[in-house]
Amino acid sequence: MFWKRDRETKRRDGHIAAAHSRIQQGNLPEAEYHFEEALALTHPTSATTARLRFNLLTNVANIRIARQDLRGATIVLTEAFEILGRDPSFPPDLRLQYHLNLGQLLKYRSEYRESEAHLTLALDIAESIYGRQDPRLARHLNHLGMLHADAATPEKAEPFFRRALTAVETWR
């Protein structure tokens, strides 16, 4: 049984290497194929492979976003989110990146309420990591401001833009 697992691991790692190579070549459909093959060889029940599955799912989602397949990217990010929810050992910066990516994706799909929930959670996580006055918060504040600007609620956008500007000015 051990030799079978080792052979699957080598095949999985080969697909991951091939996917990264295809990305460098600009061949996103083949890169997506190889990441999906690697996912098929990654056992979802193993705690040790949870992070690997999360990373593979995130890579597939990024490729789908680049190919303008926003619906497909949302499905894959939802599965990644389920992994995050089951494994409290994921560091806050990974949770932050996930909520930021999904919030942006939902904004592009004009799903503003859901987008706001994820972007607000990303801001909360960033504040817990960096503190309320850190200039790195400007990015997250700007995303929330742009969300409200796109959703035609400029009165809600302005406070986020002002706070982002203050954060950047404080940094100087």
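This structure is a prediction, so every number in the text was calculated from the model and none was measured.

The rules behind these values
Residues numbered from 1 in each chain as written. Predicted model: local features only at pLDDT ≥ 70, side-chain atom pairs only at ≥ 80, totals over all residues. Heavy atoms only, no water. Helix = DSSP H or I, 4+ residues; strand = E, 2+ residues; numbered from the N terminus. Expected span 1.5 Å × (residues − 1). Salt bridge = Lys/Arg side-chain N within 4 Å of Asp/Glu carboxyl O. Buried < 20%, exposed > 50% of the residue type's maximum accessible area, 1.4 Å probe, protein only.

(A) Broad picture of helix α3 (residues 50-66). With 17 residues, α3 extends 24 Å between its outermost C-alpha atoms, agreeing within 8% with the 24 Å of an ideal straight helix rising 1.5 Å per residue. Phi turns positive one or two residues past the end of α3, at Gln 68, with a value near 65°.

(B) View of the pattern of salt bridges. Using the criterion set out here, one finds 13 salt bridges in the structure. For Asp 150, the salt bridge identified is with Lys 107, shortest N-O distance 3.3 Å. One end of the pair, Asp 150, is in helix α7 (residues 137-150); the other, Lys 107, is in helix α5 (residues 92-108), with 43 residues separating them in the sequence. The exposure class of Asp 150 is partly exposed, given its relative accessible area of 37%. Overall, Lys 107 belongs to the buried group, its relative accessible area being 9%. A salt bridge links Arg 162 to Glu 158; the nearest nitrogen and oxygen atoms lie 2.5 Å apart. Here Arg 162 and its partner Glu 158 are both found in helix α8 (residues 154-171), four residues apart, which amounts to about one turn of the helix. We classify Arg 162 as exposed; its relative accessible area is 54%. The network of salt bridges with shared partners includes Glu 32, Glu 36, Arg 64 and Arg 67.

(C) Just the environment of Leu 105, in detail. The residue Leu 105 is located in helix α5 in this model. Overall, Leu 105 belongs to the buried group, its relative accessible area being 1%. Spatially, the C-alpha atom of Leu 105 lies 9.9 Å from that of Ala 61, the residues being 44 residues apart in sequence.

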